[in-house]
Amino acid sequence: MTQTAVRAYMGGMVAVMIDTLAASEQLVDAGIPADHTRAIARLMSGAQVTAREDLATKSDVDGVRKEIAASADLLRQGIKAANAELKADMVRWLFASQLAIVVALAGLMAFFKHFG
C-alpha cells in the first residue's frame, strides 16, 4: 500500500491530514489482520477524497472575491447614477420654486401697484 495523505473535511470546520499507511500499520500492530486494515485505509481515503471536494480552493475564493468586487463596482456605478439624477432633480425643483416665487412677487407688486 502506498502512503496517502489526504485532507478531510471534518465537522464543517476542520481540515485534517491522515496518513492512511501509518494508520494501517498501527491497526496491524494492534492485532487487526492486514487485509482488514487495508480495507479500512481505502475506506478512509475514499471518504476523505469525497469530503475534500466540498472544500473551497484558493481559486474558488479568488473567483468569489472577483464576483464580489464586480458587484460592488456595479453598485457604486448605480449609486453614482442615482446621485446624479437626484442632483438634477433638485436643481430643477429649486429653479422652478425660485421662478414661482419671482412670479408670485411680481403678481403681488402688480396687485398692490394697481390697488394700492
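Here, the structure is the one placed above.
Residues numbered from 1 in each chain as written. Predicted model: local features only at pLDDT ≥ 70, side-chain atom pairs only at ≥ 80, totals over all residues. Heavy atoms only, no water.

K.L.:
Could you give an account of the overall build of the protein chain, with specific residues and numbers?
P.N.:
When helices and strands are tallied, the protein chain shows 3 helices and 2 strands. Ordered by position from N to C terminus, the α and β elements of the protein chain give β-β-α-α-α. Relative to its full complement of 116 residues, the protein chain shows a buried share of 9%. Contacts in the protein chain between residues at least 24 apart in sequence constitute 38% of all its contacts with a sequence separation of at least 6. Of the roughly 9,500 Å² that the protein chain leaves accessible, carbon and sulfur atoms contribute 67%. (Helix = DSSP H or I, 4+ residues; strand = E, 2+ residues; numbered from the N terminus. Buried < 20%, exposed > 50% of the residue type's maximum accessible area, 1.4 Å probe, protein only. Contact = heavy atoms within 4.5 Å. Areas by Shrake-Rupley, 256 points an atom, 1.4 Å probe, with all protein chains shown as cover.)

K.L.:
Before we move on, can you summarise helix H1 (residues 20–29) with the specific residues and values?
P.N.:
Taken residue by residue, H1 has Thr20, Ala23 and Ser24 as its buried positions. The arc enclosing the buried residues of H1, seen along the axis, measures out at 100 degrees, which places them on a common side. Residues of H1 that are exposed and point more than 90 degrees away from the buried face comprise Gln26 and Asp29. Just beyond H1, the residue with positive phi is glycine 31, at close to 105 degrees. (Arc of directions from axis to C-beta.)

K.L.:
Give me the packing of aromatic side chains: which residues, what numbers.
P.N.:
Throughout the structure, instances matching the rule amount to 2 aromatic pairs. Consider the rings of phenylalanine 111 and phenylalanine 112, whose centres lie 5.6 Å apart with planes at 70 degrees: the pair is edge-to-face. One aromatic cluster is present, built from ring pairs that chain together Phe111, Phe112 and Phe115. (Phe/Tyr/Trp six-rings, centres within 6.5 Å; stacked < 30°, edge-to-face > 60°.)

K.L.:
Could you give an account of the environment of alanine 41, naming the residues involved and the relevant values?
P.N.:
Structurally, the position occupied by alanine 41 is in helix H2 (residues 34–52). Alanine 41 sits 21 residues away from threonine 20 along the chain, and the two C-alpha atoms are 5.3 Å apart.

K.L.:
Outline the pattern of salt bridges, listing residues and values.
P.N.:
The final tally for this structure, using the stated rule, is 3 salt bridges. Between aspartate 62 and arginine 65 there is a salt bridge whose closest N-O contact spans 3.2 Å. Separated by 3 residues within a single helix, aspartate 62 and arginine 65 lie in helix H3 (residues 58–115), roughly one turn from each other. Residue aspartate 62 is classed as partly exposed on the basis of its relative accessible area of 28%. Ionic pairing is found between aspartate 89 and arginine 92, a salt bridge with its closest N-O pair at 2.7 Å. (Salt bridge = Lys/Arg side-chain N within 4 Å of Asp/Glu carboxyl O.)

K.L.:
I'd like to hear about the side chain of threonine 37, residue by residue, with values.
P.N.:
Mapped onto the elements of the fold, threonine 37 is located in helix H2. Overall, the relative accessible area of 1% leaves threonine 37 in the buried class. Within polar-contact distance, the side chain of threonine 37 engages the backbone oxygen of alanine 34 at 2.7 Å. Non-local contacts of threonine 37, meaning those with residues more than four positions away in its chain, are made with Ser24, Leu27, Val28 and Ile32. (Polar contact = N/O pair within 3.5 Å; in protein donor to acceptor, adjacent residues only side chain to side chain.)

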